[in-house]
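Breakdown of the fold
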Amino acid sequence: QVQLVESGGGLVQTGGSLRLSCAGSGLVFRGYGMGWFRQAPGKEREFVGSISRDGLITRYADSVKGRFTISRENAKNTVYLQMNTLKPEDTAVYSCAAVLVPGPSVVPGPSGEYDYWGQGTQVTVSS
C-alpha cells in the first residue's frame, strides 16, 4: 500500500535546472528519512542525497554538492530534489526512497538500505 511516486523528470540542456518531486502515500511520511538515488546507463545505482525526517539536516554526494538541494514538506507528504547547473553526467533515472530512522534529526546513509522505493523518473541532460 505504500507508494512513492516521482515526477518532474525530463530533458534539459547542460546548465539547466529541474525540480523533482516525490509524493508518498500509505505511510506516516514525517516518520521517515528520505533519500534520492540515481542510476545512469551502464552504471550502478548511486546515492545522491538524503534528508532527515524533520527536514533540518541534509547530506549529499560529492558529485552533486553545491548544485542539488533536497527539501521536504511533510504536510504535503512530499520531498523535493532541486537540481541546478545540470551536466550530461547527471543523466540517470532518479528514485526516491524512505527509511525508518530512530530520531527526527537522523540523516539516512548512502547504503541503499531503505524500506520503500519509488519507480523512478528519467532525467536527461543534453550536451
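Computed from a prediction, not measured in an experiment: that's the story for all the values here. (Residues numbered from 1 in each chain as written. Predicted model: local features only at pLDDT ≥ 70, side-chain atom pairs only at ≥ 80, totals over all residues. Heavy atoms only, no water.)

1. Brief notes about the nonpolar core
M34, W36, F68, V79, L81, M83 and Y94 are the most contacted members of the largest nonpolar core, which has 33 residues in total. The greatest single-element share of this core, amounting to six residues, is contributed by strand β9 (residues 92–100). If we ignore the near neighbours within four places in the chain, the residues touching L81 are L18, R19, L20, W36, V48, F68, T69, I70 and Y94. (Core = buried A, V, L, I, M, F, W, Y, C linked by side-chain atoms within 4.5 Å. Buried < 20%, exposed > 50% of the residue type's maximum accessible area, 1.4 Å probe, protein only. Helix = DSSP H or I, 4+ residues; strand = E, 2+ residues; numbered from the N terminus. Contact = heavy atoms within 4.5 Å.)

2. Considerations on the sheet that holds strand β8 (residues 78–83)
The strands that make up a sheet pair up through hydrogen bonds in the backbone, lying either parallel or antiparallel. Strands sit in the order β1-β3-β8-β7 across an open sheet of four strands; the sheet is antiparallel. Since the sheet does not close on itself, it has two edges, and those belong to β1 (3–7) and β7 (68–73), each with one partner. Sheet twist, expressed as the mean angle between neighbouring strand axes with direction ignored, is 15°. Note that strand β3 (residues 18–25) and β8 share six bridges and pair antiparallel. Of the residues in β8, the one forming a bridge with L20 is L81. (Pairing = 2+ DSSP bridges. Axes fitted to C-alpha atoms, helices over the stretch in contact; angles between N-to-C directions.)

3. Some words on the environment of S50
When you line up the elements, S50 lands in strand β5 (residues 46–51). Once the C-alpha coordinates of S50 and C96 are considered, the two residues, 46 residues apart in sequence, prove to be 9.2 Å apart. With residues up to four places along the chain from it excluded, the contact list for S50 reads M34, G35, I57, T58, R59, I70, V107, P108 and Y114. Within the local environment of S50, its side chain forms a polar contact with the backbone oxygen of P108, the two atoms lying 2.8 Å apart. (Polar contact = N/O pair within 3.5 Å; in protein donor to acceptor, adjacent residues only side chain to side chain.)

4. Regarding the pairing of β5
In terms of residue burial, β5 counts as a mostly covered element, since five of its six residues are buried. For strand β4 (residues 32–39) and β5, the ladder comprises five bridges, and the chain directions are antiparallel. Following the sheet pairing, W36 is matched in β5 by G49. Linking β4 back to β5 in an antiparallel pair, the connection comprises six residues, with G42 at a positive phi of about 75°. Pairing of β5 with strand β6 (residues 58–60) involves three bridges; the strand directions are antiparallel.

5. Structural notes on the state of the cysteines
Taken as a whole, this structure holds one disulfide when the rule is applied. C22 shares a disulfide with C96; S-S distance 1.9 Å. Given an S-S torsion of about 55°, the disulfide between C22 and C96 has right-handed geometry. Placement of the pair is C22 in strand β3 and C96 in strand β9, with a sequence separation of 74 residues. Each of the two residues, C22 as well as C96, counts as buried. (Disulfide = S-S within 2.5 Å.)

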